[in-house]
Amino acid sequence: MAPTAEDFQRLVERVEALEAKIAINDLITTYGPAVDSGCAEAVASLWTEDGVYDVDTGVMNGSKAIEAMVRSKAHQSWIGGGCGHLSEPLHVVVDGDTAVATGHTQLVIHNGDGTFRVHRVTANRWELVRQDGAWKVAKRTGRVLDGRPEARDLLAAGVQ
Amino acid sequence: MAPTAEDFQRLVERVEALEAKIAINDLITTYGPAVDSGCAEAVASLWTEDGVYDVDTGVMNGSKAIEAMVRSKAHQSWIGGGCGHLSEPLHVVVDGDTAVATGHTQLVIHNGDGTFRVHRVTANRWELVRQDGAWKVAKRTGRVLDGRPEARDLLAAGVQ
Amino acid sequence: MAPTAEDFQRLVERVEALEAKIAINDLITTYGPAVDSGCAEAVASLWTEDGVYDVDTGVMNGSKAIEAMVRSKAHQSWIGGGCGHLSEPLHVVVDGDTAVATGHTQLVIHNGDGTFRVHRVTANRWELVRQDGAWKVAKRTGRVLDGRPEARDLLAAGVQ
């Protein structure tokens, strides 16, 4: 018996669910290579225009503020000396046109003498939205895993 | 010509193979955020009820023992001071309702003064089973990559 | 209305696009476990026969040269003492039967006294080809992120 329209539609939806997971991975894996090579526009374009990047040291409001961070003297100094913003595979939960991705990142810094150090390990929560079929970051929150409770809360929220 | 039932079934099976890979990734990516935020039940529920977590320092038998590890003074002390259990993308081989996932994890510890150190790098073998459509951990084995041959053997077994 | 041949073919192509992403992940996640366990043939077989592995210290031409690197005294000494070649999730762009995967790797070394250090963080570009349906590495280029511009260029090329 040939598949019915309903059979087919159900399979289309299963494929769409997989496509969302892969698309979110494609989006987030852009961050590290872009930020470590100073591609300010590529970094900023991951966020919605009014997207937020909230880190321990402050909040960047809007993709223009995020682009400015990449172009800042502070960030240019990190990448000029050598650094790597690395991520692990994130835990992604999709709910319609929104999604949350949770996991750790590491910032590894070149000490200037050929040696490296882990500068920090951070808990991350990426809140994502799908706009016109494309996933974007609405808000990314990062908190250093130095014992502060909010870092643990942020990880817990993504897997409970 | 419209697709036949056989064409359709073959495509369903290809989608199922992809779903298994994504579901296993969803499962394993829960571990790090859950263990670093002390979500003892979320960690334990990744394993089957009689699942095993075998590490260098001992063997935990059953999900209750794994839950107790997360609640232990030792683990609570790690997460209270700040730590990150990070994974890399694992190599996953699915065989029907069982699967093996192989790869490295890192434990990065906050030193208490704002600096961090890689405390250990571990070779991991996750043996997974599908029960009632849901993937669970039957056994996870971890061996520190400090030169001991069993750590190398465990990695080799997953990719040969 | 039952699906048409065109509907079905479009869905097949979407599934094929997902399969390519997963297959490339399966390929690249073999590298770390294989190289750290000294599986020289498994490492070499990731490349095409005339594949290239271009690192800061030199260029290996052909899978035989890559196999020899794994068997070399230098590499055997790393793995004998304990080490981990870890990757993050890579940013993968597929274009027909070729693909580029971009991201960071870390080499973490056991110091010999139970402690570990990040020996280096590397920018990676994997150029992949599909041959008879199987993805292989045509060229992998790695450059240490110690401030050298070519490491940043390599990351930028993958995400712009």
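Residues numbered from 1 in each chain as written. Chains lettered and ligands numbered in written order. Predicted model: local features only at pLDDT ≥ 70, side-chain atom pairs only at ≥ 80, totals over all residues. Heavy atoms only, no water.

A. Quick look at the packing of helix 5 (residues 149-159) of chain A against helix 1 (residues 5-36) of chain B. Following both chains from N to C, one finds helix 5 of chain A and helix 1 of chain B inclined at 140 degrees, their axes separated by 8 Å at the closest point. Classed by the angle they form, the pair helix 5 of chain A and helix 1 of chain B counts as oblique. Two packed elements cross with a definite hand, and for helix 5 of chain A against helix 1 of chain B that hand is left-handed. From helix 5 of chain A, Arg-152, Leu-155 and Val-159 of chain A reach across to helix 1 of chain B, where they touch Thr-30, Pro-33, Ala-34 and Asp-36 of chain B. Among the residues forming the contact of helix 5 of chain A with helix 1 of chain B, the class breakdown is 4 nonpolar, 1 polar and 2 charged. (Axes fitted to C-alpha atoms, helices over the stretch in contact; angles between N-to-C directions. Helix = DSSP H or I, 4+ residues; strand = E, 2+ residues; numbered from the N terminus. Parallel < 35°, antiparallel > 145°, perpendicular 65-115°, else oblique. Left-handed = near helix turned anticlockwise from the far one by under 90°. Contact = heavy atoms within 4.5 Å. Nonpolar A, V, L, I, M, F, W, Y, C, P; charged D, E, K, R; others polar.)

B. Summary view of the packing of aromatic side chains. If you walk through the whole model with that rule in mind, you get 15 aromatic pairs over all chains. A connected cluster of aromatic rings, assembled from ring pairs, spans Tyr-31, Trp-47, Tyr-53 and Trp-126 of chain A. One Lys or Arg, Arg-140 of chain B, reaches over the ring of Tyr-31 of chain B and ends 4.6 Å from the middle of that ring. (Phe/Tyr/Trp six-rings, centres within 6.5 Å; stacked < 30°, edge-to-face > 60°. Lys NZ or Arg CZ within 6 Å of the ring centre and 35° of its normal.)

C. Structural detail: the interface of chain B and chain A. Taken together, the contact pairs 39 residues of chain B with 33 residues of chain A. Across the chain B to chain A interface the summed buried area is about 2,800 Å²; carbon plus sulfur atoms make up 69%. Looking at the side of chain B facing chain A, the largest losses of area belong to Phe-8, Pro-33 and Phe-116 of chain B, adding up to 22% of the total buried there. One can count 3 salt bridges joining chain B with chain A. Here Asp-26 of chain B and Lys-21 of chain A are joined by a salt bridge, their closest N and O atoms 2.7 Å apart. Run the count over chain B and chain A and you get 9 residue pairs in polar contact (both at pLDDT 80 or more). Of all the elements in the fold, those that place two or more residues in the side of chain B that touches chain A are helix 1, helix 4 (73-81), strand 3 (83-87), strand 5 (98-110) and strand 6 (116-131) of chain B. Looking at the side of chain B that touches chain A, its residues break down into 19 nonpolar, 15 polar and 5 charged. (Buried area = accessible area lost by both parts, 1.4 Å probe. Salt bridge = Lys/Arg side-chain N within 4 Å of Asp/Glu carboxyl O. Polar contact = N/O pair within 3.5 Å; in protein donor to acceptor, adjacent residues only side chain to side chain.)

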